[in-house]
2 protein chains.
Amino acid sequence: MANIKEIAKRAGVSVSTVSRVLNQHPYVSDLKRAAVQRVIDELDYTPNRLAVDLIRKETRSIGVIMPYNNNQAFDQLLHGVLNRSVELDYTVVILPTKYDPDKELSYLNMLKNKLLDGIIITSRSNTWDAILPYTKYGTIVACEFSDHPEIGCAYMDRYESYVNTFQLLKDKGHSQVAFTTARGEESNSTKLTIKAYQNIFGDLPSEYHIRDCYSIDDGVRAAQQLLHLDPRPTAVYANGDEVASGIYQHARSLQLRVPEDLAIIGQENQPVGIGLSLSTVDHQLVKVGEQAFDLTMNRSKDKIEIPYQIIVRHTT
Amino acid sequence: MANIKEIAKRAGVSVSTVSRVLNQHPYVSDLKRAAVQRVIDELDYTPNRLAVDLIRKETRSIGVIMPYNNNQAFDQLLHGVLNRSVELDYTVVILPTKYDPDKELSYLNMLKNKLLDGIIITSRSNTWDAILPYTKYGTIVACEFSDHPEIGCAYMDRYESYVNTFQLLKDKGHSQVAFTTARGEESNSTKLTIKAYQNIFGDLPSEYHIRDCYSIDDGVRAAQQLLHLDPRPTAVYANGDEVASGIYQHARSLQLRVPEDLAIIGQENQPVGIGLSLSTVDHQLVKVGEQAFDLTMNRSKDKIEIPYQIIVRHTT
DNA sequence: GTGAAAGCGCTAACAC
DNA sequence: GTGTTAGCGCTTTCAC
């Protein structure tokens, strides 16, 4: 492919003049500008962005670290990021970790090797201590609250949302309340869910907490474990609407009435929840993603809280 | 940040030697290799990938052109791509078009300006004629069948799948069959759906075709239009399970029995369809995405067909 | 085994 | 307004 030198030669000007017209600098005579443009069109020339980025020390592209890409919650976050990135003509790279800490670190390293201007962490498996050193090389924004001054945050108040949801269940007369989570205690949301539970209900019987729940099938499995317990829980707070729908499905197959025999509330206001009219708490992840992008762009280290919304439908 | 020159100086060797240890070349004495490695560790040095890519003329990253990123079907495709890209240590960039042809072209241009090695097109708004010139700059793979020899394809036989689904409905005794699509006739799937319909049922009453359907709400709207028609359709083939679930919901709110009064079948085997036990035709988009990635990687121009699956549940 | 040097394709400071 | 030139940070001949 032609390069800038070739264009310069053919147009009978210097490379700097070509560069000037490429970058819409003023102070280029109309004559030369036209000549250069003509050669550019003729040769169908496009500047090599690697060379440009190398010298400009900026790529206008950011990465999004996410454990899974087949998960509605993370997709909402990503969707928010993309909403804004398209508008601002940024490029976004997906960095799927499956919660492998080394993989995660290798992605953060893309800041260091100049491939990325910034990174949004939707969920992490490394400690902040391991992540912080990378702030030296680019902006890092998290979709959870972190009090570290180097980290910008777009987040919702998970703890408060969990507390309020459990309180809602308690107010409706439930005292045997179970819940599901994705990962175990290594995860921030799991920790906060447990803490919120204990705040409202006191001791947590370990059999009331089902882990590794992501899909409808996991919800069925959770229900299988939960609904044979004695005493049987009268309500369950699922960590997503897909999981909630699996629980719903299994409860119905057991002839249980929802919500009379079993109340169910999910999270994230996903299609399956709308379809089944499941109650849910919408953490507005699309907005979180949009905010996260804006923070990244602006190299901001602000902490922005996004309000959540409890949506009561027919299952609580 | 330190660069290779700095490392060379501190280690008392030439830059070529540093480059050699960086790229695990043989023929470097253990002594020098160790010295270089020590300095690298000391300075926490990482090579600048922009400079490497510039000279190597390869980025190990590919783009995925997709109209929307909040659409289950495209997410499945993307999921497939990511499954394989992670394994093979490739980077993937999301290129959302909203079906803007210019935006789409500007993304294709990333091949030309060396930012991307290849591009997967999940759905396009440009004609192939407009796209083909870009094959000169990198591999282009489509998630639909194209007979052009320059384009690799991972696809399912949409037309056959549509024909078989309409035939299934006809076999069950339906003669008043409606359907929904996303875009209008500018879209390949819409065209094929119409053609398949005509093949099975003959003339298409225009009111039996509802466009611009993507979400549950769109499904509700479609049902509102469809279910007041006279004669009322007795079956509808939705272009996705979310749309199908909106139709289901509205039909139920009208006290219609499903499938007795109205049969419904969706597409892509999405969570909401599983939750509502909706019949669906699963085009195995995850597998399509995986194949598409492999074709891109191997610079292959093969045409690979992925089998689809009709899943009959409780709504047909 | 090792190093000098010529690029890769571009930008921008500087001189005119 | 325009051209010369010194880089950006790296890989890779080629000669020793």
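As the structure is a computational prediction, the values presented were derived from the model and not from experiment. (Residues numbered from 1 in each chain as written. Chains lettered and ligands numbered in written order. Predicted model: local features only at pLDDT ≥ 70, side-chain atom pairs only at ≥ 80, totals over all residues. Heavy atoms only, no water.)

Here's the deal with the overall build of chain A
Here is step 1: Check the secondary structure of chain A and you find 13 helices and 12 strands.
Here is step 2: Radius of gyration (C-alpha) of chain A: 26 Å, far over the 20 Å computed for a compact globule of 316 residues.
Here is step 3: Principal axes of the C-alpha set define a box for chain A whose edges measure 85 × 40 × 30 Å.
Here is step 4: Evaluated residue by residue, chain A yields a buried proportion of 56% over its 316 residues.
Here is step 5: For chain A, the computed accessible surface area is about 13700 Å², with 47% contributed by carbon and sulfur atoms.
Here is step 6: When the 34 basic and 39 acidic side-chain charges of chain A are each reduced to a single mean position, those positions are 8 Å apart. (Helix = DSSP H or I, 4+ residues; strand = E, 2+ residues; numbered from the N terminus. Rg over C-alpha atoms; globule rule 2.2 N^0.38 Å. Buried < 20%, exposed > 50% of the residue type's maximum accessible area, 1.4 Å probe, protein only. Areas by Shrake-Rupley, 256 points an atom, 1.4 Å probe, with all protein chains shown as cover. Lys, Arg positive; Asp, Glu negative; His and termini not counted. Charge placed at Lys NZ, Arg CZ, Asp CG, Glu CD.)

Points about the domain arrangement of chain A
Residue and element names in this part refer to chain A.
Here is step 1: Partitioning chain A into structural domains gives domain 1 (4–56), domain 2 (61–156 + 286–307) and domain 3 (158–282).
Here is step 2: Between the C-alpha centres of domain 2 and domain 3 the distance comes to 28 Å.
Here is step 3: Roughly 840 Å² is buried in total at the junction of domain 2 and domain 3, and carbon and sulfur atoms are behind 44% of that figure.
Here is step 4: When the buried area of domain 2 at its contact with domain 3 is split by residue, Gln72, Gln76 and Met156 rank highest and sum to 51% of it.
Here is step 5: For the interface between domain 2 and domain 3, the tally reads zero salt bridges.
Here is step 6: Taken together, domain 2 and domain 3 are joined by three residue pairs in polar contact (both at pLDDT 80 or more). (Domains from an automatic or database assignment. Buried area = accessible area lost by both parts, 1.4 Å probe. Salt bridge = Lys/Arg side-chain N within 4 Å of Asp/Glu carboxyl O. Polar contact = N/O pair within 3.5 Å; in protein donor to acceptor, adjacent residues only side chain to side chain.)

A short note on the pairing of strand E1 (residues 61–66) of chain B
Residues in a regular strand point their side chains to alternate faces of the sheet.
Residue and element names in this part refer to chain B.
Here is step 1: Across the six residues that make up E1, a large majority, six, are buried.
Here is step 2: The alternating pattern of E1 places Ser61, Gly63 and Ile65 on one face and Ile62, Val64 and Met66 on the opposite face, and all of these are buried.
Here is step 3: Taken together, the six bridges between E1 and strand E2 (residues 91–96) define a ladder with parallel strand orientation. In the sheet register, Ser61 faces E2, and the bridge partner there is Thr91.
Here is step 4: Handedness of the β-α-β unit built from E1, helix H5 (residues 72–87) and E2 comes out right-handed. (Pairing = 2+ DSSP bridges. Right-handed = clockwise from strand over helix to strand, strands pointing away.)

Some words on the interface of chain A and chain B
Here is step 1: Contacts between chain A and chain B engage 42 residues on the former and 42 residues on the latter.
Here is step 2: On the chain A side of the interface with chain B, the three residues burying the most area are Leu50(A), Leu54(A) and Lys112(A), jointly 15% of the side's total.
Here is step 3: For the interface between chain A and chain B, the tally reads four salt bridges.
Here is step 4: Taking the shortest distance from any N to any O, the salt bridge between Lys103(B) and Asp89(A) comes out at 3.6 Å.
Here is step 5: Across the contact surface, chain A and chain B share 10 residue pairs in polar contact (both at pLDDT 80 or more). (Contact = heavy atoms within 4.5 Å.)

Observations concerning the protein's contact with DNA strand D
Here is step 1: Taken together, 25 residues lie around DNA strand D, and Arg20(A), Ser29(A), Ile55(A), Ile4(B) and Tyr45(B) are the ones closest in.
Here is step 2: Among atoms of DNA strand D positioned within 4 Å of the protein, sugar and phosphate together represent 61%.
Here is step 3: Ser16(A) places a polar side-chain atom, nitrogen or oxygen, 2.9 Å from a base oxygen of DNA strand D.
Here is step 4: Contributing elements (two or more residues each) for the surface near DNA strand D: helix H2 (15–22) and helix H4 (49–56) of chain A together with helix H2 (15–22) and helix H4 (49–56) of chain B. (Near = heavy atom within 4 Å.)

Looking at the relation of the copies chain A and chain B
Here is step 1: In the superposition of chain A on chain B (RMSD 0.1 Å, axial shift 0.0 Å), the rotation amounts to 180°. With respect to symmetry, the two chain copies, as superposed, fit the operation of a two-fold axis.
Here is step 2: A high fraction, 100%, of the interface residues of chain A reappear at the interface in chain B, so the copies pair face to face through one surface. (Least-squares fit on C-alpha atoms with pLDDT ≥ 70 in both.)

With respect to the pattern of salt bridges
Here is step 1: Overall, the coordinates contain 22 salt bridges over all chains when judged by the stated rule.
Here is step 2: For Glu144(A), the salt bridge is made with Arg124(A), and the minimal N-O distance between the two is 2.9 Å. Highlighted residues: Glu144(A) in the loop between strand E4 (139–142) and strand E5 (152–155) and Arg124(A) in the loop between strand E3 (118–121) and helix H7 (128–131), separated in sequence by 20 residues.
Here is step 3: For Glu144(A), a relative accessible area of 13% translates into the label buried.
Here is step 4: Of the charged contacts in the structure, one is a salt bridge between Arg84(B) and Asp294(B), with a shortest N-O distance of 3.0 Å. Residue Arg84(B) is located in helix H5, and its partner Asp294(B) is located in helix H13 (residues 285–297); the two are separated by 210 residues in the primary sequence.
Here is step 5: By relative accessible area, which is 19% here, Asp294(B) ends up buried.

A look at the protein's contact with DNA strand C
Here is step 1: DNA strand C sits among 27 residues. The nearest are Ile4(A), Tyr45(A), Arg20(B), Ser29(B) and Ile55(B).
Here is step 2: Here a phosphate oxygen of DNA strand C sits 2.5 Å away from a polar atom, N or O, in the side chain of Tyr45(A).
Here is step 3: Where the surface near DNA strand C is concerned, the elements lending two or more residues are H2 and H4 of chain A together with H2 and H4 of chain B.
Here is step 4: The element contributing the most residues to the surface near DNA strand C is H4(A), with five residues.

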